Amino acid sequence: MESKTRERIREAAREMLGRNRRQGYDRHYRTSFSYTCPSPGRYHWQWFWDSCFAAVALSHLDIEQAKAELVSLVAPQQPDGFIGHVAYWGKKPFVEVWGHLQSRPLLRPRHTQLIQPPVLAQAALQVFERSLDKAFLMELLPRIDRYYRWLGAHRDSDCDSLISIISPYESGMDHKPAYDSVLGFKPGRAGRRDRVELELRNRLLDLSNLRRGFDSARVLARGRFDVEDVMVNSVYAQGMRSLAALHRAAGHRREADAWEREAERTGAALLSKCYDESAGAFWDLAGAREMPLRVLTVTALFPLVLPDTPREVVDRLVRDHLLSPREFWPRYPAPSVALSEPTCKPDSARFLWRGPTWLNTNWFLFKGLRLHGYTEAAGAVRDASIALVEREGFREFYDPLTGRGMRSTEFTWSALVVDMME
Ligand code: GLC
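Within each chain, residue numbers correspond to sequence positions counted from 1 in written order. At least 70 in pLDDT is required for a residue's local features to be given in this predicted model, at least 80 for side-chain atom pairs to be given and counted, and no such filter applies to totals for whole chains, interfaces and linings, which use all residues. Just so you know, side-chain values use all the structure's heavy atoms and leave hydrogens and water out.

Focus: the overall build of the protein chain
Next up, step 1: Looking only at helices and strands, the protein chain features 15 helices and eleven strands.
Next up, step 2: For the protein chain, whose C-alpha radius of gyration is 20 Å, the value lies close to the compact-globule estimate of 22 Å for 422 residues.
Next up, step 3: Considering only C-alpha atoms, the protein chain reaches an extent of 55 × 50 × 45 Å along its principal axes.
Next up, step 4: Relative accessibility thresholds used throughout: buried, under 20% of the residue-type maximum; exposed, over 50%; partly exposed, between the two (1.4 Å probe, protein chains only). Per-residue burial for the protein chain yields a buried fraction of 62% across its 422 residues.
Next up, step 5: When checking whether two residues touch, look at their non-hydrogen atoms; a contact exists if any pair is within 4.5 Å. Of all intrachain contacts in the protein chain linking residues separated by at least 6 positions in sequence, the fraction that spans at least 24 positions is 68%.
Next up, step 6: Total accessible area on the protein chain is roughly 16800 Å²; 50% of this is exposed by carbon and sulfur atoms.
Next up, step 7: Charged residues are defined narrowly, with Lys and Arg counted positive, Asp and Glu counted negative, and His plus the chain ends left uncounted. Just so you know, the charge point we use is NZ for Lys, CZ for Arg, CG for Asp and CD for Glu. Placing the 60 positive and 54 negative side-chain charges of the protein chain at their respective mean positions leaves the two points 5 Å apart. The secondary structure listing takes helices from DSSP runs of H or I that are at least 4 residues long and strands from runs of E that are at least 2 residues long, numbered from the N terminus. This radius of gyration counts C-alpha atoms alone. The globule rule is 2.2 Å times how many residues there are, raised to the power 0.38. Areas reported as accessible are Shrake-Rupley estimates using a 1.4 Å probe. Residue values count occlusion only from the protein chains shown.

Okay, structure coming up:
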């Protein structure tokens with residue numbers, strides 16, 4: 001790539017991340033904070049995975065801010081290790097209605113009671129590797145360790161090494177069509193009314209979780225929404241490997257080995273429970289009976305990010321699906337839902353995660369492809385991502401067929417292209 005393009009994108013990203021920075025002092029947590037909001041017009045708070053992606057991009061542009069981002073992210077951690085997916089920093093946060101439904105205390109929430117895909121250890125590892133700041137490592141490591149312990153202890157109720165999510169929002173893929181059947185939602189042709197119905201079903205689920213105090217054991221026992229999501233678990237396994245690397249850097253050999261083994265267990269469980277040999281894809285599992293949710297979304301390809309996914313399985317994910325123009329390989333890969341799925345709406349912003357291309361999933365795919373030696377395909381994902389940002393700016397998502405940018409502008413995590421360019 002031309003070095004001028006690269007410089008231009010880096011500069012634009014640096015400026016945008018600077019504009020999206022929110023700093024201050026929080027009286028509740030008794031600490032100062034410094035984080036990058038996902039998008040100034042729409043998402044004001046510190047969001048869990050958005051913040052991890054911000055740290056990854058910042059590790060190339062402003063390493064001190066990258067560290068501050070993660071220090072702020074773990075500051076609201078609860079004594080048991082939990083970290084909510086949105087932290088409401090500042091004096092008198094205005095919280096959206098849904099925020100109240102997903103939080104405790106209900107009236108003056110400080111953070112939500114939901115999780116998001118656990119990319120924390122990956123982000124911390126990258127920031128550590130680029131800063132070699134041992135004090136940062138030693139400060140964060142115990143908290144990160146406690147966070148992954150919380151996930152295993154509270155979300156793996158059937159002890160199969162796969163963690164459950166209790167709401168679609170926990171996967172970060174709010175309206176992913178694989179969840180429709182679990183929510184009892186049948187998309188029709190009603191357009192706007194469909195969106196309202198789906199929203200309502202999600203809010204009723206929030207209420208049901210709230211009534212159980214967001215206590216994972218009670219919520220999972222009720223079983224209203226209990227999904228072992230392939231993307232969440234791939235990120236979880238990848239995260240535990242990064243956590244092992246962080247422990248190794250800190251000289252903790254025993255902990256490093258133990259987390260490595262946990263990561264292997266989750267990888268093996270994805271393979272034995274979620275992989276469908278006949279489809280050559282991985283399905284999310286729903287409920288205690290682990291019913292496979294057979295909808296081809298980008299999630300189905302995610303074990304690509306793990307080094308222990310066998311060669312023949314990776315080959316099928318890549319050759320049969322990712323590189324197929326009828327599914328995930330239009331002009332601007334990779335759509336969040338295969339183009340062949342009836343629920344795929346590549347040019348619509350009515351729903352989230354029902355067709356358009358997002359750059360955070362491209363970042364994972366890029367890394368996974370490189371990991372397994374698909375250098376050319378990785379380069380194509382990177383180049384498409386760069387072309388989207390060059391033409392349309394840092395948007396929330398893009399039409400995979402035309403490249404048109406959609407919904408939020410100045411969207412922080414689209415700066416992940418900076419990491420892909422290195
Ligand atoms: C949307 C996305 C979610 C993201 C949030 C903030 O809700 O679906 O993944 O974290 O916006 O950007």
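Moving on, there is more to tell.
Observations regarding the sheet that holds strand β5 (residues 227-228)
The strands making up a sheet associate through backbone hydrogen bonding, with each pair oriented either parallel or antiparallel.
Next up, step 1: Two strands qualify as a pair provided that DSSP identifies no fewer than 2 bridges between them. A sheet is described by the order of its strands in space; here three strands give the open sequence β5-β8-β9, paired in antiparallel fashion. At either margin of the open sheet sits one strand with a lone partner, and together these are β5 and β9 (291-293).
Next up, step 2: As judged from the three bridges shared by strand β8 (residues 284-286) and β9, these two strands associate in the antiparallel manner. Note that in β9 the partner of A286 across the bridge is M291.

Observations concerning the packing of aromatic side chains
Working definition: an aromatic ring pair is given by the centre-to-centre distance plus the angle between the planes.
Next up, step 1: The pairing test for Phe, Tyr and Trp rings, Trp by its six-membered ring, is centres within 6.5 Å, and the orientation test on the planes gives stacked under 30 degrees, edge-to-face over 60, and tilted for anything in between. This model, assessed by the stated rule, comprises 27 aromatic pairs.
Next up, step 2: Ring centres of Y179 and F225 lie 5.5 Å apart, and the angle between their planes is 70°; this geometry places the pair in the edge-to-face category. Here the residue Y179 occupies a position in the loop between α6 (134-155) and α7 (180-183), and F225 occupies one in the loop between α9 (216-222) and β5, the gap between them amounting to 46 residues.
Next up, step 3: Among the residues examined, Y179 registers a relative accessible area of 1% and is labelled buried.
Next up, step 4: Overall, F225 belongs to the buried group, its relative accessible area being 1%.
Next up, step 5: Between the aromatic rings of W353 and W358, the centroid separation amounts to 3.8 Å while the plane-to-plane angle is 5°, which identifies the pairing as stacked. Exposure class is identical for W353 and W358. Each is buried.
Next up, step 6: Positioned above the aromatic ring of F351 is the side chain of R354, whose terminal nitrogen or guanidinium carbon lies 4.8 Å from the ring centre. Definition used: whenever NZ (Lys) or CZ (Arg) falls within 6 Å of the ring centre and also within 35 degrees of the ring normal, the charge is taken to sit over that ring.

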